[in-house]
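Examination of the molecular architecture
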Amino acid sequence: MAKQAPGKVDMEKMVSLCKRRGFIFQSSEIYGGLASCWDYGPLGVELKRNIKEAWWRAVVQRRDDMVGLDASILMHPQTWVASGHVEGFADPLSECKACHLRWRPDDIKDGKCPACSGELTEPRLFNLMFKTSVGVVEEEAAELYLRPETAQGIFVNFDNVLTATRNRLPFGIAQIGKAFRNEMTPGNFIFRTREFEMMEIEYFVRPGTDEEWLQYWTEERLNWYTGLGVKRENLRLRQHGPDELAHYARKCYDIEYLFPMGWSELEGIANRGDFDLMQHASSSGKKLTYFDEESGEHLIPYVIEPSAGVDRSALAFLVDSYEEEPDKEGLRVVLHLNPTLAPIKVAVLPLSRNESLLPLAKDIYAQLRQRWMAQYDDAQSIGRRYRRQDEIGTVLCVTIDFQSLEDQAVTIRERDSMRQIRVPIEELKRTLEAKLGGEPFDVLPPGGTKWLGFTDS
Ligand code: GAP
């Protein structure tokens, strides 16, 4: 069977599927849309929630060296002076004197505006942080920034967390939250946007062990993506050259993914050294040190920072799982999403709208919904309904037919292989739990049988 190679997935197709099926919509579409801002629809919000929960389970819940934090988006403006963002978080841009569009040097070919061939100004630095003002009287309002990374919320709380938890080195603080950047060249759907969500870890280590921990986290993070089904051949590591390191970084690896537009950054893992704690200590006058009982000394830990984007991860998971398979009806479009990430785990499908099937089907749906995100669909042929579920990545479909009324058994159909088994209703929940947890589909529960009944078309 010819399968479309990942990396070759067409971005237009992905955008259209996401809109049609309710994953992602253009922001403020009824007003003509707001460029590079996106809204997550009923399925997108589930996917995003599942990504964030999987990350939190992996880096906080299942580790004894990590804790969580949820800092505010608005922070004291001095934070961004100390962090170097006021000074250094800027792109050099030339403005067109005719159409006023701004361009990065590498977008300009012949010294003229790429849009209208107008004359350009000399490049000037434009800071990427969004400003806002806080206060009721405009003249007295304080000017603040919307955070361009969540990391600083962790650094300024370093001492609070240390005192509250009494954690010993090495330990980390994790945070998920929105960040904002006035990107000059946003684009590629949800890949680069002006408002996005980050999943960041600041992992504090003894100086001298930082290289080892950088390698550890790089490996750990790669494994997180492959553990959730991303194909290893679509991921690669790239070390930053000296000219591309961020102002705070000593060393940095990007985990790159083969997106539709080519290899691009999915996550960065940086060695920030003691840059941030030093800067905030000197800027605030507060001690941000750690008392090392082993040496009896106060030290400033080094920081390893795995920093991932929720939206970029969502795009990678969607693209990587997308497949078009030729079938009798033309094309089966499937999202082979890992069960952990799939927005809908199970769909309940009565074979027809015949009234005698409804009470049982509705009852099963009501029960399953207590445990999983589930859908009920009774419109059109069973084959069509399987296809609709495949296209949104629903892992399992439960079909209720006339025989179910007699033998109290239903069929379960698996998305990836399209195989079916028939199981007693009393074993249904346990069986779904086992299959969603990774049990091979052909392992049958007590009273279960293989089933060839409903073909897909
Ligand atoms: N604290 C480190 C930091 O901010 P970064 O490489 O600028 O590092 C980390 O950002 C991750 O955040 C990126 O790998 C990407 O996944 C995501 N990200 C950054 N800018 C983004 C944008 N404009 N739109 C969507 N995601 C973005």
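Side note on the overall build of the chain
- When you go through the chain residue by residue, the secondary structure sums to 13 helices and 24 strands.
- With the C-alpha coordinates of the chain rotated into their principal frame, the extents come out at 75 × 65 × 50 Å.
- Taking all 457 residues of the chain together, 52% fall into the buried category.
- Accessible area for the chain stands at about 21,500 Å²; split by element, carbon and sulfur atoms hold 50% of it.
- In the chain, which carries 57 positive and 71 negative side-chain charges, the distance between the mean positions of the two groups comes to 4 Å.

Some thoughts on the packing of helix α1 (residues 11-20) against helix α9 (residues 310-321)
- Here α1 crosses α9 at 105°, and the two axes come no closer than 11 Å. Taken together, α1 and α9 sit at an angle that is classed as roughly perpendicular. Contacts between α1 and α9 involve Met11, Met14 and Cys18 from the first element and Leu315, Leu318 and Val319 from the second.
- Of the residues that constitute the contact of α1 with α9, the class distribution is six nonpolar, no polar and no charged.

Quick notes on the site of the ligand
- Residues in contact with the ligand amount to 20 residues; listed here are only the nearest, Glu149, Arg181, Thr193, Glu200 and Glu265.
- Within the backbone of Thr193, an N or O atom sits 2.8 Å from a nitrogen atom of the ligand.
- Here Arg272 contributes a side-chain N or O atom positioned 3.4 Å from a nitrogen atom of the ligand.
- Put simply, the parts of the chain that give the shell around the ligand at least two residues each are β10 (195-205), β13 (262-273) and β16 (302-309).
- A per-element tally of the shell around the ligand places β13 first, with five residues.
- Of the residues belonging to the shell around the ligand, the class tally is six nonpolar, four polar and 10 charged.

Rules of the game
- Residues numbered from 1 in each chain as written.
- Predicted model: local features only at pLDDT ≥ 70, side-chain atom pairs only at ≥ 80, totals over all residues.
- Heavy atoms only, no water.
- Helix = DSSP H or I, 4+ residues; strand = E, 2+ residues; numbered from the N terminus.
- Buried < 20%, exposed > 50% of the residue type's maximum accessible area, 1.4 Å probe, protein only.
- Areas by Shrake-Rupley, 256 points an atom, 1.4 Å probe, with all protein chains shown as cover.
- Lys, Arg positive; Asp, Glu negative; His and termini not counted.
- Charge placed at Lys NZ, Arg CZ, Asp CG, Glu CD.
- Axes fitted to C-alpha atoms, helices over the stretch in contact; angles between N-to-C directions.
- Parallel < 35°, antiparallel > 145°, perpendicular 65-115°, else oblique.
- Contact = heavy atoms within 4.5 Å.
- Nonpolar A, V, L, I, M, F, W, Y, C, P; charged D, E, K, R; others polar.
- Near = heavy atom within 4 Å.
- Polar contact = N/O pair within 3.5 Å; in protein donor to acceptor, adjacent residues only side chain to side chain.

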